[in-house]
Number of protein chains: 2
Amino acid sequence: MPTDICFSFSGLMQRGGNTGPHKDGWGITFYEGKGCRSFKDPLPSAHSPIAELVTNYPIKSEAVVCHIRQANSGAVCLENTHPFVRQMWGKNWTYAHNGQLADHLTQLKIKYHIPIGTTDSEHAFCWILDQLHIEFAEKEPDEKVLFSYVAKLCERINQLGVFNLILSDGDHLFAYCSNNLHWITRKAPFGEASLIDAEMCVDFQQVTTANDIVTVIATRPLTNDESWHKMSCGQWHLFKLGVSIACGQTEAEERIPPAQTF
Amino acid sequence: MPTDICFSFSGLMQRGGNTGPHKDGWGITFYEGKGCRSFKDPLPSAHSPIAELVTNYPIKSEAVVCHIRQANSGAVCLENTHPFVRQMWGKNWTYAHNGQLADHLTQLKIKYHIPIGTTDSEHAFCWILDQLHIEFAEKEPDEKVLFSYVAKLCERINQLGVFNLILSDGDHLFAYCSNNLHWITRKAPFGEASLIDAEMCVDFQQVTTANDIVTVIATRPLTNDESWHKMSCGQWHLFKLGVSIACGQTEAEERIPPAQTF
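The shown structure was predicted, so the numbers you read here are calculated from the model rather than taken from an experiment.

Reading the values: rules and limits
Residues numbered from 1 in each chain as written. Chains lettered and ligands numbered in written order. Predicted model: local features only at pLDDT ≥ 70, side-chain atom pairs only at ≥ 80, totals over all residues. Heavy atoms only, no water. Helix = DSSP H or I, 4+ residues; strand = E, 2+ residues; numbered from the N terminus. Contact = heavy atoms within 4.5 Å. Least-squares fit on C-alpha atoms with pLDDT ≥ 70 in both. Phe/Tyr/Trp six-rings, centres within 6.5 Å; stacked < 30°, edge-to-face > 60°. Buried < 20%, exposed > 50% of the residue type's maximum accessible area, 1.4 Å probe, protein only. Pairing = 2+ DSSP bridges.

Q: Any details on the environment of B:Ile110? Residues and values, ideally.
A: When you line up the elements, B:Ile110 lands in the loop between helix H3 (104–107) and helix H4 (120–136). Setting aside anything within four residues of it in sequence, one finds B:Ile110 in contact with B:Pro115, B:His123, B:Cys126, B:Trp127 and B:Asp130.

Q: An account of the relation of the copies chain B and chain A is needed here, citing residue identities and associated values.
A: Between the two copies, chain B and chain A, the superposition gives an RMSD of 0.0 Å; the rotation angle is 180 degrees and the shift along the axis is 0.0 Å. Interpreted geometrically, this transformation is the action of a two-fold axis. Mapped onto chain A, 100% of the interface residues of chain B again fall at the interface, so both copies present the same surface.

Q: Can you tell me about the environment of A:Gly17, naming the residues and giving the values?
A: Residue and element names in this part refer to chain A. Considering the arrangement of structural elements, one finds Gly17 in the loop between helix H1 (6–12) and strand E1 (26–32). In this structure, the C-alpha to C-alpha distance between Gly17 and Ser178, residues 161 residues apart in sequence, is 24 Å. Once you skip the residues sitting within four places of it in the chain, Gly17 turns out to touch His22, Lys23, Ala46 and His47.

Q: I'd like to hear about the packing of aromatic side chains, residue by residue, with values.
A: Per the stated rule, a full pass over the model turns up 27 aromatic pairs over all chains. Measuring from ring centre to ring centre gives 6.3 Å for A:Trp93 and A:Phe147, while their planes differ by 40 degrees; the resulting arrangement is tilted. Note that A:Trp93 is positioned in strand E5 (residues 91–101) and A:Phe147 in helix H5 (residues 143–158), a separation of 54 residues in sequence. Side by side, A:Trp93 and A:Phe147 carry an identical accessibility label, which is buried. Residues B:Trp89 and B:Phe136 carry aromatic rings whose centres are separated by 6.3 Å and whose planes lie at 65 degrees to one another, so their mutual orientation is edge-to-face. Within this pair, whereas B:Trp89 is found in the loop between strand E4 (84–88) and strand E5 (91–101), its partner B:Phe136 is found in helix H4, the two being separated by 47 residues in sequence. Note on B:Trp89: relative accessible area 12%, which makes it buried. A connected cluster of aromatic rings, assembled from ring pairs, spans A:Trp89, A:Trp93, A:Phe136, A:Phe147, A:Tyr149, A:Phe174 and A:Trp236.

Q: Lay out the sheet that holds strand E8 (residues 182–187) of chain B with the relevant residues and their values.
A: All names here are of chain B. In space, the three strands of this open sheet follow the order E11-E8-E12, with antiparallel pairing throughout. The sheet terminates laterally at strand E11 (213–218) and strand E12 (229–230), the two strands that pair on one side only. Where E8 lies against E12, two bridges are found, and the strand directions are antiparallel. The partner of Trp183 across the bridge, within E12, is His229.

Q: Run through unusual backbone geometry, naming residues and quoting values.
A: Between A:His82 and the following residue, A:Pro83, the backbone shows a cis peptide bond with an omega angle of -15 degrees. Examined against the element boundaries, A:Pro83 turns out to sit in the loop between strand E3 (64–68) and strand E4 (84–88). Here the amide bond leading from B:Ala188 into B:Pro189 is cis, since omega sits at -5 degrees, within 30 degrees of zero. Among the structural elements, B:Pro189 can be located in the loop between E8 and strand E9 (192–194). Notably, A:Ala137 is not glycine yet its phi reads approximately 50 degrees, a positive angle. By secondary structure assignment, the location of A:Ala137 is in the loop between helix H4 (120–136) and H5.

Put into C-alpha coordinates, the structure is as follows:
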(Lines give C-alpha, C1' and ligand atoms only; values in the text may rest on other atoms or scores of the structure.)
Protein backbone atom coordinates (compact mmCIF):
# COMPACT_ATOMS: atom_id res chain seq x y z
CA MET A 1 0.00 0.00 0.00
CA PRO A 2 1.23 3.53 -0.68
CA THR A 3 2.48 5.04 2.54
CA ASP A 4 3.67 8.42 3.72
CA ILE A 5 7.25 8.85 4.92
CA CYS A 6 6.65 11.64 7.44
CA PHE A 7 8.21 9.62 10.29
CA SER A 8 11.43 8.63 8.50
CA PHE A 9 11.82 12.03 6.89
CA SER A 10 11.47 13.74 10.27
CA GLY A 11 14.61 11.94 11.40
CA LEU A 12 16.59 12.15 8.18
CA MET A 13 16.10 15.88 7.65
CA GLN A 14 17.76 16.55 11.03
CA ARG A 15 20.98 15.07 9.68
CA GLY A 16 21.09 17.88 7.14
CA GLY A 17 22.79 20.49 9.30
CA ASN A 18 21.57 19.55 12.79
CA THR A 19 22.40 15.99 14.01
CA GLY A 20 24.54 15.31 10.93
CA PRO A 21 26.90 17.21 8.61
CA HIS A 22 24.97 16.71 5.34
CA LYS A 23 24.01 20.38 5.10
CA ASP A 24 24.71 21.01 1.40
CA GLY A 25 21.22 20.55 0.06
CA TRP A 26 18.56 17.89 0.09
CA GLY A 27 15.92 16.46 -2.15
CA ILE A 28 13.12 13.93 -2.19
CA THR A 29 11.20 12.26 -5.00
CA PHE A 30 7.79 10.66 -4.51
CA TYR A 31 6.30 8.32 -7.07
CA GLU A 32 2.57 8.31 -7.58
CA GLY A 33 1.73 5.85 -10.30
CA LYS A 34 4.07 6.48 -13.23
CA GLY A 35 4.44 10.11 -12.24
CA CYS A 36 6.76 11.51 -9.65
CA ARG A 37 7.32 14.80 -7.94
CA SER A 38 10.49 16.10 -6.40
CA PHE A 39 11.18 18.71 -3.76
CA LYS A 40 14.72 20.02 -3.79
CA ASP A 41 16.69 22.70 -2.04
CA PRO A 42 20.39 23.59 -1.91
CA LEU A 43 19.72 24.79 1.67
CA PRO A 44 20.26 22.52 4.71
CA SER A 45 17.20 20.33 5.23
CA ALA A 46 17.15 21.06 8.96
CA HIS A 47 16.39 24.73 8.21
CA SER A 48 14.42 24.48 4.95
CA PRO A 49 10.81 25.71 4.75
CA ILE A 50 10.23 23.23 1.94
CA ALA A 51 11.52 20.37 4.12
CA GLU A 52 9.09 21.49 6.81
CA LEU A 53 6.23 21.27 4.34
CA VAL A 54 7.31 17.78 3.27
CA THR A 55 7.57 16.67 6.92
CA ASN A 56 3.99 17.67 7.59
CA TYR A 57 2.38 16.80 4.28
CA PRO A 58 1.34 13.13 4.12
CA ILE A 59 2.03 12.37 0.46
CA LYS A 60 1.30 8.64 -0.04
CA SER A 61 3.69 6.82 -2.29
CA GLU A 62 4.85 3.32 -3.28
CA ALA A 63 8.42 4.47 -3.78
CA VAL A 64 10.30 7.42 -2.32
CA VAL A 65 13.95 8.38 -2.74
CA CYS A 66 15.47 11.00 -0.44
CA HIS A 67 18.98 12.39 -0.20
CA ILE A 68 20.83 14.84 2.03
CA ARG A 69 24.09 16.05 0.63
CA GLN A 70 27.55 16.65 1.99
CA ALA A 71 29.31 18.16 -1.00
CA ASN A 72 32.67 16.79 -2.02
CA SER A 73 32.50 16.91 -5.81
CA GLY A 74 30.69 19.88 -7.38
CA ALA A 75 29.54 23.18 -5.90
CA VAL A 76 26.51 23.58 -3.64
CA CYS A 77 23.78 24.50 -6.11
CA LEU A 78 20.49 23.21 -7.38
CA GLU A 79 21.82 21.32 -10.42
CA ASN A 80 24.12 19.33 -8.12
CA THR A 81 21.35 18.41 -5.68
CA HIS A 82 20.12 14.81 -5.54
CA PRO A 83 18.02 12.90 -6.31
CA PHE A 84 18.53 13.15 -10.05
CA VAL A 85 15.52 12.24 -12.20
CA ARG A 86 15.69 11.31 -15.90
CA GLN A 87 13.36 9.56 -18.31
CA MET A 88 14.02 6.33 -20.16
CA TRP A 89 11.73 3.66 -21.62
CA GLY A 90 8.66 5.74 -20.71
CA LYS A 91 9.57 5.77 -17.02
CA ASN A 92 11.00 8.24 -14.55
CA TRP A 93 14.35 7.01 -13.17
CA THR A 94 15.42 8.43 -9.82
CA TYR A 95 18.97 8.17 -8.54
CA ALA A 96 20.72 9.07 -5.28
CA HIS A 97 24.38 8.39 -4.48
CA ASN A 98 26.30 8.38 -1.22
CA GLY A 99 30.07 8.34 -1.52
CA GLN A 100 32.75 9.75 -3.74
CA LEU A 101 34.35 8.76 -7.05
CA ALA A 102 37.69 9.53 -8.69
CA ASP A 103 38.71 9.41 -12.36
CA HIS A 104 35.08 9.07 -13.43
CA LEU A 105 35.56 11.64 -16.21
CA THR A 106 38.17 9.46 -17.90
CA GLN A 107 36.89 6.03 -16.83
CA LEU A 108 33.16 6.49 -17.46
CA LYS A 109 32.79 7.97 -20.93
CA ILE A 110 29.38 9.43 -21.73
CA LYS A 111 27.82 9.97 -25.13
CA TYR A 112 24.04 10.28 -24.92
CA HIS A 113 22.91 11.32 -21.45
CA ILE A 114 24.85 14.53 -20.84
CA PRO A 115 25.13 15.70 -17.21
CA ILE A 116 23.73 19.10 -16.29
CA GLY A 117 25.72 19.68 -13.10
CA THR A 118 29.30 18.92 -12.12
CA THR A 119 29.02 16.09 -9.58
CA ASP A 120 30.64 12.66 -9.81
CA SER A 121 27.19 11.35 -8.82
CA GLU A 122 25.20 12.70 -11.76
CA HIS A 123 28.04 11.67 -14.09
CA ALA A 124 27.77 8.06 -12.90
CA PHE A 125 23.97 8.16 -13.30
CA CYS A 126 24.29 9.40 -16.89
CA TRP A 127 26.87 6.68 -17.56
CA ILE A 128 24.50 4.01 -16.24
CA LEU A 129 21.70 5.26 -18.53
CA ASP A 130 24.12 5.37 -21.48
CA GLN A 131 25.20 1.79 -20.79
CA LEU A 132 21.59 0.60 -20.48
CA HIS A 133 20.78 2.33 -23.76
CA ILE A 134 23.79 0.70 -25.45
CA GLU A 135 22.99 -2.75 -24.05
CA PHE A 136 19.21 -2.83 -24.44
CA ALA A 137 18.46 0.03 -26.93
CA GLU A 138 14.75 0.95 -27.10
CA LYS A 139 13.56 -2.29 -25.46
CA GLU A 140 13.41 -2.47 -21.67
CA PRO A 141 14.38 -5.98 -20.58
CA ASP A 142 12.87 -8.21 -17.89
CA GLU A 143 13.36 -6.75 -14.40
CA LYS A 144 15.87 -9.35 -13.21
CA VAL A 145 17.95 -9.12 -16.38
CA LEU A 146 17.90 -5.34 -16.12
CA PHE A 147 18.89 -4.99 -12.49
CA SER A 148 21.50 -7.76 -12.61
CA TYR A 149 23.08 -5.71 -15.37
CA VAL A 150 22.80 -2.54 -13.27
CA ALA A 151 24.61 -4.40 -10.48
CA LYS A 152 27.48 -5.15 -12.87
CA LEU A 153 27.66 -1.48 -13.78
CA CYS A 154 27.73 -0.60 -10.07
CA GLU A 155 30.59 -3.04 -9.53
CA ARG A 156 32.57 -1.16 -12.14
CA ILE A 157 31.71 2.30 -10.77
CA ASN A 158 32.55 1.14 -7.26
CA GLN A 159 36.13 0.48 -8.35
CA LEU A 160 36.48 4.25 -8.67
CA GLY A 161 35.68 4.98 -5.02
CA VAL A 162 32.69 4.71 -2.70
CA PHE A 163 29.36 4.05 -4.42
CA ASN A 164 26.31 3.48 -2.25
CA LEU A 165 23.36 3.74 -4.62
CA ILE A 166 19.59 3.96 -4.58
CA LEU A 167 17.95 3.71 -8.01
CA SER A 168 14.22 3.52 -8.71
CA ASP A 169 11.91 3.42 -11.70
CA GLY A 170 8.84 3.73 -9.48
CA ASP A 171 8.07 -0.01 -9.63
CA HIS A 172 11.44 -1.17 -8.30
CA LEU A 173 13.92 0.13 -5.80
CA PHE A 174 17.47 -1.05 -6.34
CA ALA A 175 20.15 -0.63 -3.65
CA TYR A 176 23.87 -1.21 -4.12
CA CYS A 177 26.15 -1.14 -1.09
CA SER A 178 29.72 0.01 -1.29
CA ASN A 179 30.33 0.44 2.43
CA ASN A 180 27.30 1.88 4.11
CA LEU A 181 23.69 0.79 3.61
CA HIS A 182 21.12 -0.62 6.03
CA TRP A 183 17.56 -1.76 5.43
CA ILE A 184 14.55 -2.89 7.39
CA THR A 185 11.24 -4.38 6.30
CA ARG A 186 8.30 -3.56 8.53
CA LYS A 187 5.23 -5.79 8.40
CA ALA A 188 2.68 -7.35 10.75
CA PRO A 189 2.96 -7.79 13.68
CA PHE A 190 4.00 -4.13 13.81
CA GLY A 191 5.75 -2.63 16.80
CA GLU A 192 7.05 0.67 18.01
CA ALA A 193 10.04 2.60 16.72
CA SER A 194 11.98 5.63 17.97
CA LEU A 195 13.97 7.98 15.78
CA ILE A 196 17.67 8.44 16.51
CA ASP A 197 17.77 12.04 15.25
CA ALA A 198 14.59 13.52 16.68
CA GLU A 199 12.42 13.10 19.74
CA MET A 200 9.78 11.07 18.02
CA CYS A 201 8.43 7.57 18.32
CA VAL A 202 5.58 5.85 16.53
CA ASP A 203 3.49 2.78 17.20
CA PHE A 204 3.14 1.37 13.69
CA GLN A 205 0.28 -0.86 14.83
CA GLN A 206 -1.89 2.25 15.20
CA VAL A 207 -1.26 3.48 11.66
CA THR A 208 -1.12 0.29 9.58
CA THR A 209 -3.30 -2.56 8.38
CA ALA A 210 -2.34 -6.23 8.56
CA ASN A 211 -1.32 -6.37 4.89
CA ASP A 212 0.99 -3.35 4.88
CA ILE A 213 4.64 -3.98 4.06
CA VAL A 214 7.21 -1.20 3.96
CA THR A 215 10.97 -1.34 3.50
CA VAL A 216 13.24 1.53 4.45
CA ILE A 217 16.85 1.72 3.24
CA ALA A 218 19.32 4.22 4.65
CA THR A 219 23.06 4.68 4.93
CA ARG A 220 22.71 4.60 8.71
CA PRO A 221 19.67 3.22 10.62
CA LEU A 222 17.03 5.85 11.37
CA THR A 223 15.69 4.18 14.52
CA ASN A 224 17.46 2.80 17.57
CA ASP A 225 15.00 0.13 18.72
CA GLU A 226 14.57 -1.98 15.60
CA SER A 227 16.83 -4.53 13.92
CA TRP A 228 18.24 -3.14 10.68
CA HIS A 229 20.08 -5.37 8.19
CA LYS A 230 23.54 -4.14 7.39
CA MET A 231 24.42 -4.74 3.74
CA SER A 232 27.87 -6.04 2.90
CA CYS A 233 30.37 -4.48 0.57
CA GLY A 234 29.37 -5.21 -3.05
CA GLN A 235 25.92 -6.54 -2.14
CA TRP A 236 22.78 -5.45 -3.98
CA HIS A 237 19.06 -5.82 -3.27
CA LEU A 238 16.10 -5.33 -5.56
CA PHE A 239 12.91 -4.32 -3.76
CA LYS A 240 9.40 -4.27 -5.17
CA LEU A 241 6.17 -3.37 -3.35
CA GLY A 242 8.05 -3.27 -0.07
CA VAL A 243 9.91 -6.59 -0.20
CA SER A 244 13.25 -7.82 -1.50
CA ILE A 245 12.64 -9.87 -4.66
CA ALA A 246 16.28 -10.46 -5.64
CA CYS A 247 19.74 -9.90 -4.31
CA GLY A 248 23.32 -10.67 -5.20
CA GLN A 249 26.93 -10.08 -4.43
CA THR A 250 29.45 -8.39 -6.71
CA GLU A 251 33.20 -8.36 -6.30
CA ALA A 252 34.15 -5.34 -4.28
CA GLU A 253 36.87 -4.30 -1.93
CA GLU A 254 35.82 -2.41 1.17
CA ARG A 255 37.29 1.06 1.31
CA ILE A 256 37.78 3.22 4.34
CA PRO A 257 35.72 6.29 3.56
CA PRO A 258 37.08 9.73 4.40
CA ALA A 259 36.19 10.69 7.95
CA GLN A 260 33.82 13.49 6.99
CA THR A 261 31.32 11.16 5.37
CA PHE A 262 30.28 9.83 8.77
CA MET B 1 18.08 39.90 -12.42
CA PRO B 2 16.49 36.80 -10.96
CA THR B 3 13.08 37.67 -9.60
CA ASP B 4 10.39 35.97 -7.58
CA ILE B 5 6.98 35.34 -9.12
CA CYS B 6 4.89 35.56 -5.95
CA PHE B 7 2.66 38.31 -7.39
CA SER B 8 1.86 36.63 -10.72
CA PHE B 9 1.47 33.21 -9.11
CA SER B 10 -0.99 34.62 -6.55
CA GLY B 11 -3.28 35.51 -9.43
CA LEU B 12 -2.73 32.48 -11.61
CA MET B 13 -3.30 29.92 -8.84
CA GLN B 14 -6.80 31.33 -8.29
CA ARG B 15 -7.73 30.23 -11.81
CA GLY B 16 -7.14 26.64 -10.76
CA GLY B 17 -10.56 25.95 -9.27
CA ASN B 18 -11.59 29.39 -8.02
CA THR B 19 -11.76 32.21 -10.62
CA GLY B 20 -11.07 29.76 -13.49
CA PRO B 21 -11.91 26.16 -14.41
CA HIS B 22 -8.32 24.82 -14.62
CA LYS B 23 -8.74 22.66 -11.54
CA ASP B 24 -7.11 19.42 -12.77
CA GLY B 25 -3.66 19.95 -11.34
CA TRP B 26 -0.93 22.52 -11.52
CA GLY B 27 2.82 22.72 -11.61
CA ILE B 28 5.64 25.22 -11.63
CA THR B 29 9.31 24.92 -12.54
CA PHE B 30 11.93 27.41 -11.34
CA TYR B 31 15.37 27.58 -12.92
CA GLU B 32 18.31 28.48 -10.73
CA GLY B 33 21.43 28.41 -12.86
CA LYS B 34 21.40 25.18 -14.86
CA GLY B 35 19.33 23.46 -12.20
CA CYS B 36 15.60 23.60 -11.82
CA ARG B 37 13.04 22.55 -9.31
CA SER B 38 9.41 21.76 -9.87
CA PHE B 39 6.41 21.73 -7.60
CA LYS B 40 3.50 19.72 -8.91
CA ASP B 41 0.14 18.61 -7.69
CA PRO B 42 -2.83 16.92 -9.35
CA LEU B 43 -5.02 18.89 -6.89
CA PRO B 44 -6.56 22.27 -7.80
CA SER B 45 -4.00 25.04 -7.24
CA ALA B 46 -6.57 27.20 -5.44
CA HIS B 47 -6.77 24.61 -2.64
CA SER B 48 -3.25 23.10 -2.66
CA PRO B 49 -0.98 23.41 0.42
CA ILE B 50 2.01 23.19 -1.92
CA ALA B 51 0.68 26.09 -4.01
CA GLU B 52 0.30 28.07 -0.80
CA LEU B 53 3.96 27.43 0.04
CA VAL B 54 5.03 28.53 -3.45
CA THR B 55 2.90 31.71 -3.17
CA ASN B 56 4.65 32.72 0.02
CA TYR B 57 8.18 31.48 -0.68
CA PRO B 58 10.23 34.05 -2.66
CA ILE B 59 12.29 31.74 -4.86
CA LYS B 60 14.35 33.99 -7.19
CA SER B 61 14.69 32.75 -10.73
CA GLU B 62 15.65 33.89 -14.23
CA ALA B 63 13.07 31.63 -15.85
CA VAL B 64 9.85 30.17 -14.47
CA VAL B 65 7.23 28.05 -16.22
CA CYS B 66 3.86 27.51 -14.58
CA HIS B 67 0.78 25.64 -15.72
CA ILE B 68 -2.74 25.06 -14.45
CA ARG B 69 -4.55 22.23 -16.11
CA GLN B 70 -8.02 21.67 -17.42
CA ALA B 71 -7.89 18.05 -18.47
CA ASN B 72 -9.16 17.08 -21.89
CA SER B 73 -6.69 14.39 -22.97
CA GLY B 74 -5.41 12.03 -20.27
CA ALA B 75 -6.63 11.35 -16.73
CA VAL B 76 -6.06 13.69 -13.78
CA CYS B 77 -2.88 12.28 -12.26
CA LEU B 78 0.67 13.29 -11.52
CA GLU B 79 2.26 11.93 -14.70
CA ASN B 80 -0.15 14.01 -16.77
CA THR B 81 0.56 17.22 -14.86
CA HIS B 82 2.52 20.01 -16.58
CA PRO B 83 5.12 21.37 -16.83
CA PHE B 84 7.05 18.42 -18.24
CA VAL B 85 10.80 18.48 -17.71
CA ARG B 86 13.30 16.43 -19.70
CA GLN B 87 17.04 16.61 -20.28
CA MET B 88 18.83 17.13 -23.57
CA TRP B 89 22.23 18.57 -24.49
CA GLY B 90 23.13 18.93 -20.79
CA LYS B 91 20.16 21.16 -20.10
CA ASN B 92 16.78 20.86 -18.45
CA TRP B 93 13.97 21.50 -20.94
CA THR B 94 10.63 22.58 -19.51
CA TYR B 95 7.42 22.47 -21.49
CA ALA B 96 3.84 23.61 -20.87
CA HIS B 97 0.99 23.40 -23.39
CA ASN B 98 -2.40 25.06 -23.51
CA GLY B 99 -4.84 23.62 -26.00
CA GLN B 100 -5.81 20.30 -27.46
CA LEU B 101 -4.53 18.07 -30.28
CA ALA B 102 -6.12 15.35 -32.40
CA ASP B 103 -4.48 12.51 -34.34
CA HIS B 104 -1.13 13.19 -32.64
CA LEU B 105 -0.58 9.45 -32.09
CA THR B 106 -0.63 8.79 -35.82
CA GLN B 107 0.73 12.13 -37.07
CA LEU B 108 3.59 12.62 -34.61
CA LYS B 109 5.55 9.36 -34.50
CA ILE B 110 7.97 8.99 -31.59
CA LYS B 111 11.03 6.79 -31.35
CA TYR B 112 13.46 8.00 -28.68
CA HIS B 113 11.72 10.15 -26.09
CA ILE B 114 8.93 7.90 -24.87
CA PRO B 115 6.06 9.61 -23.01
CA ILE B 116 5.33 8.58 -19.43
CA GLY B 117 1.74 9.79 -19.20
CA THR B 118 -1.15 9.78 -21.66
CA THR B 119 -1.62 13.43 -22.62
CA ASP B 120 -1.47 14.91 -26.11
CA SER B 121 0.77 17.57 -24.53
CA GLU B 122 3.58 15.30 -23.33
CA HIS B 123 3.38 13.38 -26.60
CA ALA B 124 4.01 16.59 -28.57
CA PHE B 125 6.90 17.50 -26.24
CA CYS B 126 8.52 14.10 -26.78
CA TRP B 127 8.03 14.48 -30.54
CA ILE B 128 9.74 17.89 -30.49
CA LEU B 129 12.74 16.41 -28.61
CA ASP B 130 12.85 13.48 -31.04
CA GLN B 131 12.84 15.87 -34.01
CA LEU B 132 15.58 18.02 -32.47
CA HIS B 133 17.65 14.90 -31.85
CA ILE B 134 17.12 13.75 -35.45
CA GLU B 135 17.95 17.19 -36.91
CA PHE B 136 20.90 18.21 -34.70
CA ALA B 137 22.05 14.92 -33.07
CA GLU B 138 24.45 15.42 -30.14
CA LYS B 139 25.33 19.01 -31.07
CA GLU B 140 23.11 21.84 -29.86
CA PRO B 141 22.91 24.51 -32.59
CA ASP B 142 23.01 28.29 -32.28
CA GLU B 143 19.98 29.66 -30.40
CA LYS B 144 18.31 31.30 -33.40
CA VAL B 145 18.76 28.26 -35.61
CA LEU B 146 17.39 26.06 -32.84
CA PHE B 147 14.29 28.05 -31.98
CA SER B 148 13.45 28.85 -35.62
CA TYR B 149 13.40 25.09 -36.09
CA VAL B 150 11.23 24.66 -32.99
CA ALA B 151 8.80 27.20 -34.51
CA LYS B 152 8.55 25.04 -37.64
CA LEU B 153 7.78 22.02 -35.47
CA CYS B 154 5.11 24.06 -33.66
CA GLU B 155 3.56 25.03 -36.99
CA ARG B 156 3.19 21.35 -37.80
CA ILE B 157 1.80 20.42 -34.37
CA ASN B 158 -0.62 23.34 -34.53
CA GLN B 159 -2.23 21.82 -37.62
CA LEU B 160 -3.52 19.09 -35.29
CA GLY B 161 -5.50 21.45 -33.06
CA VAL B 162 -4.77 24.23 -30.60
CA PHE B 163 -1.13 24.55 -29.54
CA ASN B 164 -0.15 27.44 -27.29
CA LEU B 165 3.32 26.57 -26.04
CA ILE B 166 5.89 27.72 -23.50
CA LEU B 167 9.29 26.00 -23.80
CA SER B 168 12.41 26.86 -21.82
CA ASP B 169 15.95 25.60 -21.43
CA GLY B 170 16.62 27.98 -18.54
CA ASP B 171 18.47 30.48 -20.73
CA HIS B 172 15.66 31.03 -23.22
CA LEU B 173 11.92 31.15 -23.03
CA PHE B 174 10.12 30.33 -26.28
CA ALA B 175 6.41 31.07 -26.77
CA TYR B 176 4.28 29.87 -29.68
CA CYS B 177 0.76 31.22 -30.04
CA SER B 178 -2.00 29.16 -31.54
CA ASN B 179 -4.91 31.30 -30.41
CA ASN B 180 -4.33 32.59 -26.91
CA LEU B 181 -1.09 34.10 -25.56
CA HIS B 182 -0.36 37.54 -24.12
CA TRP B 183 2.90 39.02 -22.89
CA ILE B 184 4.15 42.11 -21.13
CA THR B 185 7.68 43.36 -20.47
CA ARG B 186 8.07 45.38 -17.29
CA LYS B 187 11.06 47.73 -16.97
CA ALA B 188 11.86 51.21 -15.67
CA PRO B 189 9.96 53.42 -15.18
CA PHE B 190 7.93 50.86 -13.24
CA GLY B 191 4.32 51.45 -12.29
CA GLU B 192 1.56 49.77 -10.36
CA ALA B 193 -0.36 46.65 -11.31
CA SER B 194 -3.50 44.98 -10.00
CA LEU B 195 -4.30 41.31 -10.34
CA ILE B 196 -7.51 40.31 -12.09
CA ASP B 197 -7.98 37.11 -10.06
CA ALA B 198 -7.13 38.24 -6.53
CA GLU B 199 -7.42 41.37 -4.43
CA MET B 200 -3.78 42.32 -4.77
CA CYS B 201 -1.87 45.19 -6.28
CA VAL B 202 1.82 45.96 -6.29
CA ASP B 203 3.88 49.06 -6.93
CA PHE B 204 6.81 47.58 -8.86
CA GLN B 205 8.85 50.73 -8.26
CA GLN B 206 9.10 49.77 -4.61
CA VAL B 207 10.48 46.29 -5.30
CA THR B 208 12.76 46.80 -8.32
CA THR B 209 15.98 48.49 -9.35
CA ALA B 210 16.42 50.63 -12.48
CA ASN B 211 18.05 47.80 -14.44
CA ASP B 212 15.44 45.13 -13.78
CA ILE B 213 13.59 43.74 -16.78
CA VAL B 214 10.93 41.06 -16.49
CA THR B 215 8.63 39.57 -19.08
CA VAL B 216 5.47 37.66 -18.19
CA ILE B 217 3.64 35.50 -20.73
CA ALA B 218 0.19 34.10 -20.06
CA THR B 219 -2.77 32.78 -22.00
CA ARG B 220 -4.88 35.60 -20.57
CA PRO B 221 -3.50 38.82 -18.98
CA LEU B 222 -2.97 38.55 -15.23
CA THR B 223 -3.46 42.27 -14.49
CA ASN B 224 -6.21 44.70 -15.56
CA ASP B 225 -4.30 48.01 -15.49
CA GLU B 226 -1.34 47.27 -17.76
CA SER B 227 -1.03 46.95 -21.54
CA TRP B 228 -0.43 43.35 -22.54
CA HIS B 229 0.59 42.40 -26.08
CA LYS B 230 -1.76 39.90 -27.67
CA MET B 231 0.12 37.44 -29.87
CA SER B 232 -1.35 36.54 -33.23
CA CYS B 233 -2.16 33.08 -34.48
CA GLY B 234 1.06 31.33 -35.58
CA GLN B 235 3.36 33.95 -34.04
CA TRP B 236 6.35 33.03 -31.90
CA HIS B 237 8.68 34.98 -29.60
CA LEU B 238 12.03 34.04 -28.16
CA PHE B 239 12.80 35.73 -24.83
CA LYS B 240 16.15 35.87 -23.05
CA LEU B 241 16.98 37.64 -19.79
CA GLY B 242 13.56 39.28 -19.81
CA VAL B 243 13.42 40.65 -23.36
CA SER B 244 12.29 39.40 -26.76
CA ILE B 245 15.38 38.69 -28.88
CA ALA B 246 13.63 37.16 -31.90
CA CYS B 247 10.16 36.60 -33.24
CA GLY B 248 8.48 35.27 -36.33
CA GLN B 249 5.25 34.25 -37.92
CA THR B 250 4.34 30.76 -39.11
CA GLU B 251 1.44 29.79 -41.28
CA ALA B 252 -1.50 28.97 -39.09
CA GLU B 253 -5.24 29.05 -39.26
CA GLU B 254 -7.06 30.39 -36.24
CA ARG B 255 -9.31 27.83 -34.67
CA ILE B 256 -12.29 28.46 -32.45
CA PRO B 257 -11.38 26.66 -29.25
CA PRO B 258 -14.06 24.68 -27.42
CA ALA B 259 -15.96 26.91 -25.00
CA GLN B 260 -14.65 25.21 -21.86
CA THR B 261 -11.07 26.36 -22.41
CA PHE B 262 -12.00 29.98 -21.57
